[in-house]
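# Working through the structure, step by step
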Amino acid sequence: MVPDSFREQTPGIAAPARVVLLTGPSGSGKSRLAARTGLPVLRLDDFYKEGGDPTLPTVGGAPGADVDWDSPRSWDADAAVRAVRELCAEGRTTAPRYDIAASARVGEETVRLDGAPLFVAEGIFAAHIAARCAGLGLLADAICLRGRPFTTFRRRLLRDVREARKPLPFLLRRGWRLMRTEDAIVAGHVALGARPCTKGETRAAIAGLAG
């Protein structure tokens, strides 16, 4: 077994498994697509910070404004990388279970690869760890789902209302803001190392990697 400290500091170390990072705007269909690949899935959105965390950013940085859950500063990137690294090296990891409606971690679960050489780690901030995963020799691919902003807006709003994720006024404000900035969001993911793909292109790429 390779010590964690050695893996962290040694780029390119061989690992039994590799990760496909799947990102894209909220509501773009990442979770459903990941589930349909037949590969093990690590849900990166479960690594959100909890609602009482004083480091949570607000929209526009204004005191008393809505928490900006679309800022990567609302998310624990270090914990996400540790989980990806452990899954690649050991074939299992313990990940939090996050309740978005409560803005809190409500438990944990064990994610296992069961011998699979490839898994999908999906979430809206996945591209933010692409460079670190590549540097550790763990990255098979980094993909950003792209689609039509209004379609994404409608899908996201229906999902969030159905699951009572946040109060409706918050969902409408957030949804309108994300729809207007979706092209910039995708461009940001691409700048971080993800390549933009349609759902069909993403399915084909992952199927090719899985063999």
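Look up: the structure comes first, before these words.
Rules used in this analysis
Residues numbered from 1 in each chain as written. Predicted model: local features only at pLDDT ≥ 70, side-chain atom pairs only at ≥ 80, totals over all residues. Heavy atoms only, no water. Helix = DSSP H or I, 4+ residues; strand = E, 2+ residues; numbered from the N terminus. Buried < 20%, exposed > 50% of the residue type's maximum accessible area, 1.4 Å probe, protein only. Lys, Arg positive; Asp, Glu negative; His and termini not counted. Salt bridge = Lys/Arg side-chain N within 4 Å of Asp/Glu carboxyl O. Contact = heavy atoms within 4.5 Å. 1 Å grid on protein atoms, 1.4 Å probe; cavity = no way out; pocket = protein on both sides within 12 Å on 5 of 7 lines; lining within 4 Å. Points joined across faces, edges and corners; volume = space filled by probe spheres on them. Nonpolar A, V, L, I, M, F, W, Y, C, P; charged D, E, K, R; others polar. Pairing = 2+ DSSP bridges.

Let's shift gears to the side chain of lysine 30. Within the element layout of this structure, lysine 30 appears in helix α2 (residues 30-36). One buried charge, lysine 30, has no salt-bridge partner; the nearest side chain with opposite charge is glutamate 122, at 5.3 Å. With near-sequence residues (within four places) excluded, lysine 30 lies in contact with Leu22, Thr23, Gly24, Pro25, Glu122, Gly123, Ile124 and Leu145.

Size it by volume and the largest pocket reaches roughly 690 Å³. Lining of the largest pocket is provided by 28 residues; of these, Ser31, Arg159, Asp160, Glu163 and Arg165 occupy positions nearest its centre. Those elements that provide at least two residues to the lining of the largest pocket are α2, α5 (149-162) and α6 (168-180). It is α5 that contributes the most residues to the lining of the largest pocket, five residues altogether. A class-by-class count of the residues in the lining of the largest pocket yields eight nonpolar, five polar and 15 charged.

Before going further, it helps to examine the pairing of strand β3 (residues 92-99). As paired strands, β3 and strand β4 (residues 104-112) are joined by eight bridges and run antiparallel to one another. Residue threonine 93 lies in a different strand from β4, and its bridge partner there is valine 111. Between β3 and the antiparallel strand that follows it, β4, lie four residues; serine 103 among them carries a positive phi value of about 50 degrees.

The analysis is restricted to geometry; functional conclusions fall outside its scope.
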